[in-house]
Amino acid sequence: MSVPAVKAAALVDRKPPVHMRIDELRVNYRVAAGYLKAVDGVSLEVRPGETIGLVGESGCGKSTVAKAILRLLPEDARVEGRILLDGEDVLRMSNKELRRIRWTKLAFITQSAMNSLDPVYRIGDQIVESILAHENVGKEQAWRRAEELFTLVGIKPARLKDYPHQFSGGMRQRAVIAMALSLNAGLLLADEPTTALDSIMQDQVLARIRRLQEELSRSMILVTHDMAVVAETCQTLAVMYAGKIIETGPVADVLTNPFHPYTMGLRNAFPRIDDERRQLISIPGNLPSLLDPPRGCRFASRCPFRTERCTREEPALLKVGERQFSACHYPDQAGEFRARAEERRTWDRVDPMLRAASAAGGGP
Amino acid sequence: MAPMRKKTHSPAANTGPRPAGSPTDFVIAATGLKKHFTIGGGIIASLLGRPARVVKAVDGVDIAIRRGEVFGLVGESGSGKSTLGMTLVRVHRPTSGTIRFRGEEVTNAKGKALKAYRRHAQVIFQDPYGSLNPRLTVAQLVEEPLKIHGLRDQGERAMRVIEALERVLMPPADYLHRFPHELSGGQRQRIAIARAIVLEPQFIVADEPVSMLDVSVQAGILELLKRLSDELGLAVLYVSHDIATVRYICNRVAVMHYGRFVEHGDVRKVTARPAHPYTKRLMAAVPSVDPTTKRKRVTLSEEEVPGEEALQAERQWVEIEADHFVASTP
Amino acid sequence: MTLAIDRAAQRQRALEIWSRGKGTSFFAPVVEMGRILVRDRLALAGLIIIGIFLAIAVFGDLIAPYDPFQTLRSPKGGLARLERPSALHWLGTTAYAKDVFSELILGTRVAFIVGLSAAIVVGFVSTLLGLISGYFGRYVDDAIMRVTDFALSIPTLPIAIVAVAILGPSLRNIIIVIALLFWRNGARIVRSVVLTEKEKVYVQAARAAGASHFYIMRVHILPNVMPVAFLWMTMSVAFAVLAEASLSFLGLGDPNTVSWGQMLNLAFTTGSIRTAWWWVLPPSLCLVLLISSIYVIGRAYEEKTNPRLRRA
């Protein structure tokens, strides 16, 4: 199915891409045992037109960052820092101001977005409804825009008249993307947009996102646990671990020359189709407790290269490349680390307890 | 491309090769397996004159798995791969075809015979958050299959549970009395695996066991499955939509589309030289973490992959190289 | 031989690991319940209140200063009607010149007998029917639910009146009629919980492992249904006490007893509800106290059975 080369910029009124800056964001959740430091001092800049992938394991705080940007955190969460959207602080906006920027400046797609379509209305009507609610255009014009958006995400415009249940999961997710794009928001925030899809659906959705990025060049934040998804769609990569950003930089730089051992481990954990010999290595151990985070580097307990200094002193985000930053005490040894991180025995040393248990249970 | 050694055979009207060797070589073997679901067709629907619709989830499949072999089953959602797995362990009753477990037919087993078969055939589910009852402790969870199958001696049960936990690298002393909500996704899936092996089965269906886990722990679970298959001589059916993970742990693979196999054989050969357009499509969909090697995108559009009717016409297997078969039109 | 010894040693070791960190004694559940009660002060208070009520119900005859059926006379010789609380009558007297305190004490027994027996019958019947109906579905469900729908279409009070009138006004018959009227909503509520519970992946997992229907219902479904059934039972206590009061008011109460419901109804019919607070407040407060005590214990039970709640 070849998509006619619609010049997307022509179908929606031009708005400049948004500049976003997160300054020292901290989010604490109140739980019975104290305060859970879900996000602990995250700073991030999204320049106009830039696409950033925010990557990390579940519980690392990436979704909390996304929710903080959308102001969707629970009432009892304590939020500190600033989230500047073209200079305006989202965290200090009134509800009225928030409504104004949502969808016009800030659109979002969530993991279960495909289930957010109302089953009793036609998909087209739902998209038109959201356009009419925010912009002063006629119904016909809105419908035409919806048709163009559908073409853009690779669905035949005629299917706007369908109900959600007539769409497959991947098509629904693409329909939601079309809806999120309908107002040409300057910043698109996508939280695990393809996690619920199988690999073919994911491939289709990512292809659309990539294409849109090429044509519309808006700012985008893609939150995902899947590095490969970021590698395929983003320019910049930020890796989060235990509430902090531990490495950031251009995707190609970070993935080919990671400076943080966690990034190295994450990269090795990916199954690849194109490299026969590479071993699949998982990172042993679990995230540290965020109720009472350890002193020093938070990755230390799982790091095969840790030293005494790592458990004592917290590493700062250091400049390691032109635009690459890494929070490891030993950027100079990164080359050696990289080579050793490709071997399984390096990681096997990390958790002697698991090893001991394995020995005890081994043998039939 | 390797020269095509055309060696064809066409088993009567179904797709799939006859497994070589005597039937007892295989832990599990099915021939001509079909599972059709009827949708609608209730009393009210028939009163209104609405015909029942038949969904051919599995539509004529031959499959055979040996001891210690991890067999990969790939396809997208809706291809019928999970239904095939569930039919093999007899959660579903097949519409037609036969299933043999160590040469013995279990196709229509019920009652005691079915329970006896289930002792040998276990399932690991996709969702480790849903497959463990949150009210039970790890000890109770892993103990459950033993209780179901009537192992009364508490000491014996404790021994088996502890052994199973050690095998999945969950130190028993630390985890026996924990609840699922205290564990991470990867740990939960280990518990699910311990549950599956505690009865010392010979066949396990692992239905997308890592697709809901963080990438950083996926490798560990895959390794564990492979090691258990080796150590315990388990026949494992690994069901996944992700052909990249299949390549890591499987010996053999079958690609499923619209309820049928379109390609199967040695996993290295199939992934190195995919022959069926659908397999190529699946391979192309795997995202890469390597930004330097811009992968050659085989951007096959939906139309280039044969649709359901075209696949129905493919009723012949061509062995394009040793142990690598692709379905084709005669 | 050595193999056997090894095995025995292994078994011993396994049991040791097994019991480590686990409440080992036979009384572990009791200890656990006690721990919850200590932490959950409300439940503890509820338990104490119910304990007191129970004691009053059992030893009522010894506590009550007067016979509640005895028509009292004031020291001046007239009927002691609507007297305010005094040293002689702690909670005053009714319009019929009976001692309120004594009525209250003996009414406790009726509340317990009616409320608890009706609730137990209701809880049992609705859990059983809801469980079977929801779990097996299809024809079984259709059959049970049509009967339930039919039962639900019957107007409550008229049928209760007719039924008691036919069976005769005794405490036992009142309990039977109340149970017959309240199982139906309970069964529907339990069924709806079962419908969501039986779709859980772990139920499928147990089935795939070869578990029987009875096992799945007992181990995986019943514990999730119990809190709801228990809550419904506590509500049934309130319904039952009120239904008993309504029936009593219509002259269908057991003439040989005195209940809180009867007290309230008499206060209402004699027009004293606005004036004689000492007659109205005590039975109302007792009703509220008893019902909320049962409720908080129900909640604590839910916490005990649901480990995720236990954390919070």
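Our subject is the structure listed above.
Rules and cut-offs
Residues numbered from 1 in each chain as written. Chains lettered and ligands numbered in written order. Predicted model: local features only at pLDDT ≥ 70, side-chain atom pairs only at ≥ 80, totals over all residues. Helix = DSSP H or I, 4+ residues; strand = E, 2+ residues; numbered from the N terminus. Buried ≥ 20, exposed ≤ 12 C-beta atoms within 10 Å, placed from the backbone. Contact = placed C-beta atoms within 7 Å. Pairing = 2+ DSSP bridges. Axes fitted to C-alpha atoms, helices over the stretch in contact; angles between N-to-C directions. Parallel < 35°, antiparallel > 145°, perpendicular 65-115°, else oblique. Left-handed = near helix turned anticlockwise from the far one by under 90°. Expected span 1.5 Å × (residues − 1). Arc of directions from axis to C-beta.

Any chance you could break down the overall build of chain C for me, citing the residues and the numbers?
Counting secondary structure elements, chain C contains 12 helices and 0 strands. When the helices and strands of chain C are placed in sequence order, the string is α-α-α-α-α-α-α-α-α-α-α-α. Taking all 312 residues of chain C together, 39% fall into the buried category. Sequence separation of at least 24 residues holds for 69% of the intrachain contacts in chain C that already meet a minimum separation of 6.

Tell me what's going on with the overall build of chain B, and back it up with residues and numbers.
A tally of regular secondary structure across chain B gives 12 helices and 13 strands. Counting contacts in chain B only where the partners sit at least 6 residues apart, residues at least 24 apart contribute 69% of the total.

Break down the sheet that holds strand β3 (residues 53-66) of chain B for me, citing the residues and quoting the values.
Taken in spatial order, the 4 strands make up an open sheet running β3-β2-β5-β6 (chain B), and their pairing is antiparallel. Edge positions in the sheet fall to β3 and β6 (104-105) of chain B, since each of these pairs with one other strand and no more.

A description of the environment of C:I132 should follow, citing residues and the corresponding values.
Residues and elements named next belong to chain C. Among the secondary structure elements, I132 is positioned in helix α4 (residues 100-136). Residues I132 and I144, spaced 12 residues apart in sequence, show a C-alpha to C-alpha distance of 8.8 Å. Leaving out residues up to four positions away in the same chain, I132 has contacts with V140 and I144.

An account of the sheet that holds strand β4 (residues 78-85) of chain A is needed here, citing residue identities and associated values.
Residues and elements named next belong to chain A. As summarised here, the arrangement of the 4 strands in space is β2-β1-β4-β5, forming an open sheet in which the pairing is antiparallel. Edge positions in the open sheet fall to β2 (34-46) and β5 (88-89), since each of these has one partner strand only. Where strand β1 (residues 20-31) meets β2, 10 bridges bridge the pair, whose relative direction is antiparallel. Residue V31 lies in a different strand from β2, and its bridge partner there is G34.

Lay out the pairing of strand β12 (residues 316-321) of chain B with the relevant residues and their values.
All names here are of chain B. Relative to strand β13 (residues 324-328), β12 runs antiparallel, the two being bridged by 5 bridges. Each residue of the ladder has a partner; that of E319, found in β13, is F325. Between β12 and β13, which pair antiparallel in sequence order, lie 2 residues; one of them, D323, sits at a positive phi of approximately 55°.

Can you lay out the packing of helix α4 (residues 123-134) of chain A against helix α5 (residues 139-152) of chain A for me, pointing to particular residues and giving the numbers?
Residue and element names in this part refer to chain A. Two elements in contact, α4 and α5, have axes separated by 9 Å at closest approach and are oriented at 120°. Looking at the two axes, α4 sits oblique to α5. The way α4 lies across α5 gives a crossing that is right-handed. Judged by residue contacts, G124, I127, V128, I131 and L132 of α4 engage K139, A142, W143, R145 and A146 from α5.

Go over α5(A) with me, naming the residues and quoting the values.
Residue and element names in this part refer to chain A. Over its 14 residues, α5 extends 20 Å from the first C-alpha to the last, a length consistent with the 20 Å expected when each residue adds 1.5 Å. Turning to α5, its buried residues number three or more, namely A142, R145, A146, L149, F150 and L152. End-on view of α5: buried residues confined to an arc of 150°, all on one side of the axis. Directly beyond the C-terminal end of α5, a positive phi value near 85° is found at G154.

Could you give an account of the pairing of strand β10 (residues 252-257) of chain B, with specific residues and numbers?
Residue and element names in this part refer to chain B. With 6 of its 6 residues buried, β10 lies for the most part within the structure. Residue alternation in β10 divides its side chains into two sets, R252, A254 and M256 and V253, V255 and H257, and both sets are buried. Looking at chain direction, strand β4 (residues 70-74) and β10 are connected through 4 bridges and run parallel. Looking at the pairing, L73 lines up with A254 of β10. Across 6 bridges, the pairing between β10 and strand β11 (residues 260-266) is antiparallel. Bridging across to β11, R252 finds its partner in D266. Counting the residues that bridge the hairpin from β10 to β11 gives 2 residues, and of these Y258 lies at a positive phi of roughly 50°.

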